[in-house]
Structure formats: C-alpha cells, structure tokens
Amino acid sequence: MAAGTRPRDSSLARVGSALGLIVGLAVTAASMSSGFIWASQGHVLLVYVAGFTSWSGYLIAHYAEEGVFVDDMSEGSADAPTMNGAADSGDAGSGVLWQLRAILPDGPAAFGFLAGIAILVAGIAILAWYVRLENHLLGNVGSGMFLGGYVLAHYFDSGKFL
C-alpha cells in the first residue's frame, strides 16, 4: 500500500460510504417526488431534469456502496446464490405460491425482506397521494419510503444495500 493511502475498510471509508449512500438516495427521493409532480403539471423539461438528477443520485449511492456505478453482469452474477442459498435462476416450479417461496430468503431474513417490500409499497401509495396534492416536501416521504423499502428488501435478500 502506498504511503498516505487508507484501506477501503477503514472507519473513514465506511463513514464516507454510508454518507454517499444516504446523500445519493436522498437526492434520488427528492428528484423522484418533484419529477412526478412536474409530470402531472405538464412541465416536460423539469421532468427530464428530475429524471437525470434521480438517476445520478442513485448512481452516487450505488458507487458509495459497491465501488462501481453499474454492476458488471458479465461475471456470471445471475447464477450467484442469494441469502437464501438458492441460485437466482427462476427456471423451476410454477404457481404464485411456489414463486413467492422461491424468492424469499430463509429464516428471519424473510421477515426483513417482506418488511422492505411492505415499506416500498406503502411508499408508492404515500408518494401518489402527495403528488396529487402537489406537495414536493411530503412527496419526499413517499419516495424515501419507496427507496428505503427497496434497500431493506435488497439487503435481506443479498446482504448488500444496493
């Protein structure tokens, strides 16, 4: 290691990673909320700005968490096991109940995964309500819940926030 460099696992790097994750997701949530409100008002240019800012915030959060802006799918990660130990291949079984059981992590992680999905869905409903009221500030609550639920479910499924 070169002089003056810090290992990725240092406490400063972990704080920076957490800060990047939180700030990136906050920018994404605020942009999503405003973008939907502007879309409902017919402000097309502002919707493009919000979309760009929203994706930029997500990419910042992803980079802070993973060290890359976009996951490299060429590494064969599609068959990598999830927290439930099963490969994510999706080629066996049929029926809604089987499919639900196939995606659920094993043990207590299933509760965290389902809680994340419930928060995500509730966030969509809250966001829709505040978009209807054209309230940018409280719309952030809904989009923040949507993203927070996504992060929670993703963590309990894969062990990673994003």
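From a predicted model like this one, the values you see are computed outputs, not experimental measurements.

### Quick notes on the overall build of the protein chain
Right, on to step 1. From N to C terminus, the protein chain includes five helices and zero strands.
Right, on to step 2. Reading the helices (α) and strands (β) of the protein chain from amino to carboxyl end gives α-α-α-α-α.
Right, on to step 3. Buried residues in the protein chain amount to 27% of all 162 residues.
Right, on to step 4. Nonlocal contacts in the protein chain, meaning residues at least 24 apart in sequence, comprise 61% of its contacts between residues at least 6 apart.
Right, on to step 5. A total accessible area of about 10300 Å² is found for the protein chain, and carbon and sulfur atoms account for 68% of it.

### Some points on the nonpolar core
Right, on to step 1. Of all hydrophobic cores here, the largest spans nine residues; its members are L21, L25, A29, M32, Y58, A61, L147, V151 and L162.
Right, on to step 2. Those elements that provide at least two residues to this core are α1 (11-41), α2 (44-66) and α5 (136-158).
Right, on to step 3. Here the element with the most residues in this core is α1; it accounts for four residues.
Right, on to step 4. What Y58 contacts, discounting residues up to four positions off in sequence, is G24, L25, T28, Y150 and L162.

### Some words on the environment of V49
Right, on to step 1. Examined against the element boundaries, V49 turns out to sit in helix α2.
Right, on to step 2. A relative accessible area of 43% places V49 in the partly exposed class.
Right, on to step 3. When the C-alpha positions of V49 and S31 are compared, they lie 8.5 Å apart, and in sequence the two are 18 residues distant.

### Description of a nonpolar patch on the surface
Right, on to step 1. Taken together, L19, V23 and V27 make up a surface patch of nonpolar side chains, about 240 Å² in accessible area.
Right, on to step 2. Relative to the elements of secondary structure, V23 occurs in helix α1.

### Observations concerning the confidence of the model for the protein chain
Right, on to step 1. For the protein chain, the average pLDDT comes to 85, and 77% of its residues sit at 70 or higher.
Right, on to step 2. Below pLDDT 50 for its whole length, residues 1-6 participates in three contacts with residues either more than four positions away or in separate chains.

### Things to note about unusual backbone geometry
Right, on to step 1. Here E134, not a glycine, exhibits a phi torsion of approximately 55°, which is positive.
Right, on to step 2. Within the secondary structure, E134 sits in the loop between α4 (109-132) and α5.
Right, on to step 3. The class of E134 is partly exposed, set by a relative accessible area of 42%.

### Let's talk about the side chain of S54
Right, on to step 1. With respect to the secondary-structure elements, S54 resides in helix α2.
Right, on to step 2. If sequence neighbours within four positions are ignored, S54 has contacts with T28, S31 and M32.

### What to know about the packing of α1 against α5
Right, on to step 1. As a packed pair, α1 and α5 sit with axes 8 Å apart at the nearest point and diverge in direction by 125°. Considering their axes alone, α1 and α5 lie oblique with respect to each other. Relative to α5, the crossing made by α1 is right-handed. In this structure, α1 uses L25, T28, A29, A30, M32, S33, S34, I37 and W38 to contact α5, whose residues at the interface are H136, G139, N140, S143, G144, F146, L147 and V151.

Parameters and conventions
Residues numbered from 1 in each chain as written. Predicted model: local features only at pLDDT ≥ 70, side-chain atom pairs only at ≥ 80, totals over all residues. Heavy atoms only, no water. Helix = DSSP H or I, 4+ residues; strand = E, 2+ residues; numbered from the N terminus. Buried < 20%, exposed > 50% of the residue type's maximum accessible area, 1.4 Å probe, protein only. Contact = heavy atoms within 4.5 Å. Areas by Shrake-Rupley, 256 points an atom, 1.4 Å probe, with all protein chains shown as cover. Core = buried A, V, L, I, M, F, W, Y, C linked by side-chain atoms within 4.5 Å. Patch = residues over 30% accessible without salt bridge, like charges linked within 9 Å, V, L, I, M, F, W, Y side chains within 5 Å. Salt bridge = Lys/Arg side-chain N within 4 Å of Asp/Glu carboxyl O. pLDDT = per-residue confidence, 0-100. Axes fitted to C-alpha atoms, helices over the stretch in contact; angles between N-to-C directions. Parallel < 35°, antiparallel > 145°, perpendicular 65-115°, else oblique. Left-handed = near helix turned anticlockwise from the far one by under 90°.

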